[in-house]
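Structural characterization, general
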Amino acid sequence: MTKIFLPNAEATKSLGVKLGEFLPPGSTILLSGDLGTGKTTLVQGIGEGLGIIEPIVSPTFTLINEYPEGRIPLYHLDLYRLESGEVEGLNVETYWEGIETPLGIVAIEWAERLPYLPPSYLNLELTHSNDSGRYAQLTPFGNFDLNAIALPK
Ligand SMILES: Nc1ncnc2c1ncn2[C@@H]1O[C@H](COP(=O)(O)OP(=O)(O)OP(=O)(O)O)[C@@H](O)[C@H]1O
Ligand SMILES: [Mg+2]
């Protein structure tokens, strides 16, 4: 587990940029953390790191936004409005298995709502710090390799 202090939104974005620059296709990031802790901000950074020009907007209502035009595709999901049972019908595994879409980065907000998990993923939990900043706690599972990324101290 790696814990990083993010003093402001720019720092959250920069962490995302690093992930977007270096993660290989087939990387899944499960984002958790209270309302407004910076999950969407981090994914906006991933989009920037991938070279996506199109603005990354919160998929709270659309559930899934697909951005195919960067270094590798970005699939941005937000499960906030769903019950665990409803998530099942989304077949989110088709994204991390690359069955109907090319493999890319899958970033899932409110991943706590997933009824099942991918074989490998990065768990990224954001929490409020005592001042106005945030903490990011990164925990890789399965074969997910965090060493490819030069994380900020
Ligand atoms: N490290 C940080 N320090 C201070 N503010 C931050 C930090 N990271 C992000 N923010 C700010 O927090 C606010 C909420 O960010 P964001 O919308 O990304 O959160 P979220 O976790 O996606 O929220 P939701 O749960 O509603 O989806 C934004 O104003 C953003 O600029
Ligand atoms: Mg959000």
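Each remark here, short or long, concerns the structure printed above.
Our subject in this report is the structure included herewith. On a predicted model such as this, the values are computed, not experimentally measured, just so you know.

1. A short note on the overall build of the protein chain
Scanning the protein chain from terminus to terminus reveals four helices and seven strands. Beginning at the N terminus, the succession of helices and strands in the protein chain can be written as β-α-β-α-β-β-α-α-β-β-β. On C-alpha atoms alone, the protein chain measures out to a radius of gyration of 14 Å, which is about the 15 Å that the 2.2 N^0.38 rule sets for 153 residues. Here the C-alpha coordinates of the protein chain stretch approximately 40 × 30 × 30 Å along the principal axes. Residues classed as buried in the protein chain amount to 39% of the 153 residues present. Contacts in the protein chain between residues far apart in sequence, at least 24 positions, make up 65% of those at least 6 positions apart.

2. Remarks on helix α2 (residues 39-50)
The end-to-end C-alpha separation of α2 is 17 Å, in line with the 16 Å expected for 12 residues at 1.5 Å each. Counting buried positions along α2 gives 11 out of 12 residues, so the element sits mostly inside the fold. Of all the residues in α2, the buried ones are K39, T40, T41, L42, V43, Q44, G45, I46, G47, G49 and L50. Buried residues in α2 make contact with α1 (9-22), β2 (27-32), β3 (64-67), β4 (74-78), β5 (105-109) and β6 (121-128). At the C-terminal side of α2, G51 shows a positive phi close to 85 degrees.

3. Quick look at the site of ligand 1
For ligand 1, the set of nearby residues contains 18 residues, the closest of which are A9, G38, K39, T40 and T41. Looking at the shell around ligand 1, the elements with two or more residues in it are α1 and α2. When grouped by side-chain class, the residues that make up the shell around ligand 1 number four nonpolar, 11 polar and three charged.

4. Side note on α1
Between its terminal C-alpha atoms α1 stretches 21 Å, which fits the 20 Å expected from 14 residues at 1.5 Å a residue. Taken as a whole, α1 has its buried residues at T12, K13, L15, G16, L19 and G20. For α1, the angular spread of the buried residues around the axis is 155 degrees, confining them to a single face. Where the residues of α1 are buried, they touch β1 (2-6), β2, α2 and β7 (134-141).

5. A short note on unusual backbone geometry
Here L63, not a glycine, exhibits a phi torsion of approximately 70 degrees, which is positive. Within the fold, L63 resides in the loop between α2 and β3. Unlike most non-glycine residues, W110 shows phi in positive territory, near 55 degrees. Among the secondary structure elements, W110 is positioned in the loop between β5 and β6.

6. Some thoughts on the sheet that holds β5
An order of β1-β7-β6-β2-β5-β4-β3 is seen for the seven strands of this open sheet, with the pairing classed as mixed. At either end of the open sheet lies a strand with only one pairing partner, and these are β1 and β3. On average, each strand axis in the sheet is tilted by 20 degrees relative to the strand beside it, whichever way the strands run. As judged from the four bridges shared by β2 and β6, these two strands associate in the parallel manner. Counterpart to L31 in the pairing with β6 is L124.

7. Here we look at the nonpolar core
In terms of nonpolar packing, the biggest core is built from 34 residues, with I29, L31, I46, A107 and I108 touching the most fellow members. Leave out the neighbours within four places in its chain, and I46 touches G16, L19, G20, L74, I105 and A107.

8. Some thoughts on the pairing of β4
In regular strands, side chains alternate between the two faces of the sheet. Of all five residues in β4, five are buried; the element is thus mostly enclosed. Neither face of β4 is left uncovered, since the one carrying L74, H76 and D78 and the one carrying Y75 and L77 both have all their residues buried. The sheet contact formed by β3 and β4 spans four bridges and is antiparallel. From the neighbouring strand, E66 faces β4, where its bridge partner is Y75. In this sheet, β5 lies alongside β4 in parallel orientation, the contact comprising five bridges. Residue pairing in the sheet places Y75 in a bridge with V106 of β5.

Thresholds applied
- Residues numbered from 1 in each chain as written.
- Chains lettered and ligands numbered in written order.
- Predicted model: local features only at pLDDT ≥ 70, side-chain atom pairs only at ≥ 80, totals over all residues.
- Helix = DSSP H or I, 4+ residues; strand = E, 2+ residues; numbered from the N terminus.
- Rg over C-alpha atoms; globule rule 2.2 N^0.38 Å.
- Buried ≥ 20, exposed ≤ 12 C-beta atoms within 10 Å, placed from the backbone.
- Contact = placed C-beta atoms within 7 Å.
- Expected span 1.5 Å × (residues − 1).
- Near = placed C-beta within 6 Å.
- Nonpolar A, V, L, I, M, F, W, Y, C, P; charged D, E, K, R; others polar.
- Arc of directions from axis to C-beta.
- Pairing = 2+ DSSP bridges.
- Axes fitted to C-alpha atoms, helices over the stretch in contact; angles between N-to-C directions.
- Core = buried A, V, L, I, M, F, W, Y, C linked by C-beta atoms within 7 Å.

These figures capture arrangement, not role.
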